[in-house]
Amino acid sequence: MKAAVITRYGSPDVIKIADAPKPAPAAGEVLIRVHAATVNRTDCGELRPRIIGRLFFGLRRPRRTIFGMDFAGVVEAVGAQVMSLKAGDRVFGMCPLRRNGAHAEYVCIPETAPIATMPANMRFDEAVVCEGAFYANSGLRKFHVGPGTKS
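Described in the following lines is the structure provided in the data block. (Residues numbered from 1 in each chain as written. Predicted model: local features only at pLDDT ≥ 70, side-chain atom pairs only at ≥ 80, totals over all residues. Heavy atoms only, no water.)

### A few points about empty space enclosed by the protein
In this approach a probe as big as a water molecule rolls over the atoms, and the regions it shows empty are the leftover space. This is how it is decided: Think of a 1 Å grid over just the protein atoms. A cavity is a set of points where a 1.4 Å probe fits yet cannot get out, a pocket is an open set with protein on both sides within 12 Å along at least five of seven lines, and lining residues have an atom within 4 Å of a point. Grid points are joined across faces, edges and corners, and a volume is the space filled by probe spheres set on the points. The nonpolar class holds Ala, Val, Leu, Ile, Met, Phe, Trp, Tyr, Cys and Pro. Asp, Glu, Lys and Arg form the charged class, and all remaining residues, Gly among them, are polar.
Taken as a whole and assessed by the stated rule, the structure comprises one cavity of 30 Å³ or more. In this structure, the largest cavity spans a volume of roughly 80 Å³. Counted by class, the lining of the largest cavity contains four nonpolar, no polar and four charged residues.

### Some remarks on the side chain of Glu46
Operational definition: A helix here means a DSSP run of H or I that spans at least four residues, while a strand means a run of E at least two residues long, and both kinds are numbered starting from the N terminus. Any residue under 20% of the maximum accessible area for its type is buried, any over 50% is exposed, and the rest in between are partly exposed; the area is computed with a 1.4 Å probe on protein chains only. N or O atoms closer than or at 3.5 Å make up a polar contact, with two conditions inside protein: a donor-capable atom paired with an acceptor-capable one, and, for residues adjacent in sequence, both atoms drawn from side chains. Two residues form a contact once any of their heavy atoms are found within 4.5 Å.
For Glu46, the location among the structural elements is in helix H1 (residues 41–47). Taking relative accessible area as the criterion, Glu46 reaches 2% and is therefore assigned buried. Polar contacts involving the side chain of Glu46 include one to the side chain of Arg64, which spans 2.9 Å. Those residues in contact with Glu46 that lie beyond four places of it in its chain are Tyr9, Phe57, Arg64, Phe67 and Leu97.

### Describing the pairing of strand E6 (residues 106–110)
To keep things clear, this is the line we draw: Note on pairing: DSSP must find at least two bridges between two strands before they are called paired.
Burial analysis of E6 places five of its five residues in the buried class, the great majority of the element. By the alternation rule, side chains of E6 split into Tyr106, Cys108 and Pro110 and Val107 and Ile109, which are all buried. Sheet topology note: the strand E3 (residues 29–37)/E6 ladder contains five bridges and is antiparallel. Bridge pairing in E6 links Arg33 to Tyr106.

Right under this line is the structure:
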């Protein structure tokens, strides 16, 4: 498969389109053919992390070779024990941070990751969720903020 591959830290020039092995779903995982993905603040931050970031992302070079958090696509295959999704489902979601991401033709993610089926009338480019909205929603839930909440 083709992927945007990163093997060292630096400017966006270090990102190269290259062949990468197509992932295979393990038990509890879903293989998705990516139709849309975003470039977001996490991807940009992983390119040039500061000292603390390098402890998290990789000291000398990135642990992940394919970035990309948000995706929309079609389930191509499912691993054993996957119950909520099946091949052909149109889905959107977020890749786990410590695994290769969605800047590739395919991505494998756990069924338990933030993933959901897309509404039938939605295009792939409309379904890609900005990670900022994901984090904002988590904060709203944690602090019990909703309709009618007053400060």
